Amino acid sequence: MLDLTKQYETAKQNSKMFMKNGQISAYFNALLEMNKYKVLMKTIATN
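Not measured: the values here are computed from a predicted model.

(A) The arrangement of the overall build of the protein in detail. When you go through the protein residue by residue, the secondary structure sums to two helices and zero strands. Dimensions along the principal axes, computed over C-alpha positions, put the protein at roughly 40 × 15 × 10 Å. In the form shown here, the protein has an accessible surface area of approximately 3700 Å², with 57% of it arising from carbon and sulfur atoms.

What follows is the structure in structure tokens.
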């Protein structure tokens, strides 16, 4: 769970950086990655 949280936070930081730099496609990819980790964390929490 700690690994997923760290990966989520890293993706969040990357998404902010991409948005500031105007890299829209990379920003959307980072958002998708964040969503993936959020779903995994919810799945682990419910089990």
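(B) Quick look at the environment of L2. Structurally, L2 is set in helix α1 (residues 2-21). Taking relative accessible area as the criterion, L2 reaches 65% and is therefore assigned exposed.

(C) Structural context of a nonpolar patch on the surface. A cluster of nonpolar side chains, namely M19, I24, F28 and L31, defines an oily patch on the protein surface of about 360 Å² accessible area. No other element matches helix α2 (residues 24-46), which puts three residues into the nonpolar patch. Checked against the element boundaries, F28 lands in helix α2.

(D) Representation of the environment of L31 in the model. In this fold, L31 is placed in helix α2. Look at L31 and you get partly exposed, because its relative accessible area is 31%. Each C-alpha atom of the pair L31 and S15 lies 6.5 Å from the other, and the pair is 16 residues apart in sequence.

(E) Local environment of α1. Across its 20 residues, α1 extends 29 Å between first and last C-alpha, which sits within 8% of the 28 Å expected from 1.5 Å per residue. Where α1 is concerned, the buried positions are L4, Y8, A11, S15 and F18. For α1, the angular spread of the buried residues around the axis is 90°, confining them to a single face. Seen from the buried face of α1, the exposed residues on the opposite side, beyond 90 degrees, are L2, K6, Q13, K16, K20 and N21. In the core, the buried residues of α1 are packed alongside α2.

Rules of the game
Residues numbered from 1 in each chain as written. Predicted model: local features only at pLDDT ≥ 70, side-chain atom pairs only at ≥ 80, totals over all residues. Heavy atoms only, no water. Helix = DSSP H or I, 4+ residues; strand = E, 2+ residues; numbered from the N terminus. Areas by Shrake-Rupley, 256 points an atom, 1.4 Å probe, with all protein chains shown as cover. Buried < 20%, exposed > 50% of the residue type's maximum accessible area, 1.4 Å probe, protein only. Patch = residues over 30% accessible without salt bridge, like charges linked within 9 Å, V, L, I, M, F, W, Y side chains within 5 Å. Salt bridge = Lys/Arg side-chain N within 4 Å of Asp/Glu carboxyl O. Expected span 1.5 Å × (residues − 1). Arc of directions from axis to C-beta. Contact = heavy atoms within 4.5 Å.

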